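Residues per chain, in single letters:
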Number of protein chains: 2
Amino acid sequence: MSATDKARDVLLAQGYKWTGPRREIIKLLLDNIERHVSAEELYSILQAKNSEIGLATVYRTLELLAEIGFIHKLNFGDGCSRYELADGDHHHHHLICTGCAKVLEVEMDLLETLEQQIEREYSFAISGHHLKFFGLCQGCQQEAKEDSDEAQ
Amino acid sequence: MSATDKARDVLLAQGYKWTGPRREIIKLLLDNIERHVSAEELYSILQAKNSEIGLATVYRTLELLAEIGFIHKLNFGDGCSRYELADGDHHHHHLICTGCAKVLEVEMDLLETLEQQIEREYSFAISGHHLKFFGLCQGCQQEAKEDSDEAQ
DNA sequence: ATTCTTGCAAAACCTTTGCATACTG
DNA sequence: CAGTATGCAAAGGTTTTGCAAGAAT
């Protein structure tokens, strides 16, 4: 079963309707999920395709998808919300380049020990986490190096 | 040397001026730093004290303080930016309660091994990180438990 | 004196909401 | 048909900006 089908089934199971706009937005979201598209960006893509779907519907659909747990709303500090698939146990972290604002994903989760420790020591029942690293990607490190070479 | 003095020295060293509004905002920020006050909240406190300082100045001062590395801008997902002192090596993480929105701080940093691993495997030069845990604080766990008891 | 800073108001920006219309189950 | 969902426009909230007046070095 595809991710789209899964979204449709969950929506229908919860009394929501499977509409054209929702189908189209979800398709586009999945096609661009690795770019962490924002609502505004999805809307732009729709407009470029001469779609009639309004910005409000994009926002409402993304909110709904987050509500049913199909996606996670992320904040990379660039002024808008971005999204990722809530892919079950697919744990990963984000590397945010402070040079070019690109976001890389790290495929590892070494936080379980830390989580258990926190749950014990702070009596806090953890349900999720979000770990962001800031720094320079390989390309921007290269560029920074070249700039400092030129300056000499 | 107090934190305020340090901020003043860095500002002056970089050609910025040490003004009344900045002094007042920094004092208030430090007094309320553990509450992670937002710009709007600082402005409210100022108004309650009959200060003439405008909201724009609060925003500009906070932005400036973040720029010189005196504070870090944080996002807890409640629609506004909040701040913490960029306290050198004072590493900690945030526990955000999804019940009451309170933010607790965890005084531990077990990410160094993970950071080194990421720097090696992804050629990413890490300069900072932000780790947020979501879940229920002790009080909200208690409340959730009582609610489910009542339901029986 | 020069440069930076301030307050105010207006604008920008992302996001949400009201409402009449259109669609889904 | 009943209940949702949609598009549009308007409103909401946070943050930024233009500008003339004021303050710091």
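Conventions adopted
Residues numbered from 1 in each chain as written. Chains lettered and ligands numbered in written order. Predicted model: local features only at pLDDT ≥ 70, side-chain atom pairs only at ≥ 80, totals over all residues. Heavy atoms only, no water. Pairing = 2+ DSSP bridges. Helix = DSSP H or I, 4+ residues; strand = E, 2+ residues; numbered from the N terminus. Axes fitted to C-alpha atoms, helices over the stretch in contact; angles between N-to-C directions. Contact = heavy atoms within 4.5 Å. Buried area = accessible area lost by both parts, 1.4 Å probe. Salt bridge = Lys/Arg side-chain N within 4 Å of Asp/Glu carboxyl O. Nonpolar A, V, L, I, M, F, W, Y, C, P; charged D, E, K, R; others polar. Near = heavy atom within 4 Å. Polar contact = N/O pair within 3.5 Å; in protein donor to acceptor, adjacent residues only side chain to side chain. Least-squares fit on C-alpha atoms with pLDDT ≥ 70 in both. 1 Å grid on protein atoms, 1.4 Å probe; cavity = no way out; pocket = protein on both sides within 12 Å on 5 of 7 lines; lining within 4 Å. Points joined across faces, edges and corners; volume = space filled by probe spheres on them. Parallel < 35°, antiparallel > 145°, perpendicular 65-115°, else oblique.

Colleague: Before we move on, could you go through the sheet that holds strand 5 (residues 125-136) of chain B and cite the residues and values that matter?
Modeller: If you walk across this open sheet you meet the six strands as 4(A)-3(A)-5(A)-5(B)-3(B)-4(B), and the pairing is mixed. The open sheet has two edge strands with one neighbour each: strand 4 (103-106) of chain A together with strand 4 (103-106) of chain B. On average, adjacent strands in this sheet sit at an angle of 25 degrees to one another, irrespective of strand direction. As judged from the eleven bridges shared by strand 5 (residues 125-136) of chain A and strand 5 of chain B, these two strands associate in the antiparallel manner. Residue pairing across strands places A:His129 opposite B:Phe133, the latter belonging to strand 5 of chain B.

Colleague: Could you give me a rundown of the interface of chain A and chain B, with the residues and numbers involved?
Modeller: At the interface, 34 residues of chain A touch 35 residues of chain B. Both sides together, the interface formed by chain A and chain B hides about 3,000 Å², and carbon and sulfur atoms give 69% of it. Contact with chain B buries area across many residues of chain A, yet A:Tyr122, A:Phe124 and A:Phe133 alone supply 22% of it, more than any other trio. Applying the counting criterion to the chain A and chain B interface returns zero salt bridges. Of all elements in the fold, only strand 3 (93-97), strand 4, helix 5 (112-122), strand 5 and helix 6 (138-150) of chain A reach the threshold of two or more residues within the side of chain A that touches chain B. Top element by residues in the side of chain A that touches chain B is strand 5 of chain A. It accounts for twelve residues. Counted by class, the side of chain A that touches chain B contains 19 nonpolar, ten polar and five charged residues.

Colleague: I'd love a proper account of the protein's contact with DNA strand D, names of residues and values included.
Modeller: Taken together, 21 residues surround DNA strand D, and among them A:Lys17, A:Thr19, A:Arg22, A:Thr57 and B:Tyr59 come closest. The backbone of A:Glu52 places a nitrogen or oxygen atom 3.3 Å from a phosphate oxygen of DNA strand D. Backbone polar atom of B:Ser81 to a phosphate oxygen of DNA strand D: 2.8 Å apart, as the coordinates give it. When contributions to the surface near DNA strand D are tallied by element, the ones reaching two or more residues are helix 2 (20-31) and helix 4 (55-67) of chain A together with helix 4 (55-67) of chain B. When residues in the surface near DNA strand D are grouped by element, the largest group, four residues, is from helix 4 of chain B.

Colleague: Can you lay out the relation of the copies chain A and chain B for me, pointing to particular residues and giving the numbers?
Modeller: Once chain A has been moved 0.1 Å along the axis and rotated by 179 degrees, it coincides with chain B to within an RMSD of 0.3 Å. One copy is carried onto the other by what is essentially a two-fold rotation axis. Nearest to the rotation axis, the C-alpha of A:Leu131 is located 2.1 Å from it, this being the minimum over chain A. Same-surface contact between copies: 100% of interface residues of chain A are shared with the interface of chain B.

Colleague: Tell me what's going on with the side chain of A:His129, and back it up with residues and numbers.
Modeller: On the secondary structure map, A:His129 appears in strand 5. Separated by 2.5 Å, the side chains of A:His129 and A:Glu115 make a polar contact. Not counting chain neighbours up to four residues away, the residues in contact with A:His129 comprise A:His93, A:Asp109, A:Leu111, A:Glu115, B:Leu131, B:Lys132, B:Phe133 and B:Phe134.

Colleague: Describe the pairing of strand 2 (residues 81-85) of chain A, with residues and values.
Modeller: All names here are of chain A. Sheet topology note: the strand 1 (residues 71-75)/strand 2 ladder contains five bridges and is antiparallel. Following the sheet pairing, Lys73 is matched in strand 2 by Tyr83. Here strand 1 folds back onto strand 2, and the loop between the two strands holds five residues, one of which, Gly77, carries a positive phi near 80 degrees.

Colleague: Which residues make up the layout of surface pockets, and what values do they have?
Modeller: Estimates place the volume of the largest pocket at around 1,100 Å³. As for the largest pocket, its lining consists of 41 residues, and the residues nearest its centre are A:His72, A:Lys73, A:Leu74, A:His130 and B:Phe134. Sorting the residues of the lining of the largest pocket by element identifies helix 4, strand 1, strand 2 and strand 5 of chain A together with strand 2 (81-85), strand 3 (93-97) and strand 5 of chain B as the ones contributing at least two each. For the lining of the largest pocket, the residue count by class is twelve nonpolar, 19 polar and ten charged. Put simply, the second largest pocket is a space of about 960 Å³. Along its surface, the second largest pocket is lined by 37 residues, and A:Phe134, B:His72, B:Lys73, B:His129 and B:His130 are the ones closest to its centre. Taken together, the elements giving at least two residues each to the lining of the second largest pocket come down to strand 3 and strand 5 of chain A together with strand 1 (71-75), strand 2 and strand 5 of chain B. Counting residues per element, the lining of the second largest pocket draws most heavily on strand 5 of chain B, which supplies six residues. Split by residue class, the lining of the second largest pocket holds 13 nonpolar, 18 polar and six charged.

Colleague: If you had to explain the packing of helix 2 (residues 20-31) of chain B against helix 4 of chain B to someone new, which residues and values would you point to?
Modeller: Residues and elements named next belong to chain B. Where helix 2 meets helix 4, the closest approach of the two axes is 10 Å, and the angle between their N-to-C directions is 75 degrees. One way to sum up the angle between helix 2 and helix 4 is to call them roughly perpendicular. On helix 4, the residues touching Pro21, Arg22, Ile25, Ile26 and Leu29 of helix 2 are Thr57, Val58, Thr61, Leu62, Leu64 and Leu65. Tallied by class, the residues present in the contact of helix 2 with helix 4 amount to eight nonpolar, two polar and one charged.

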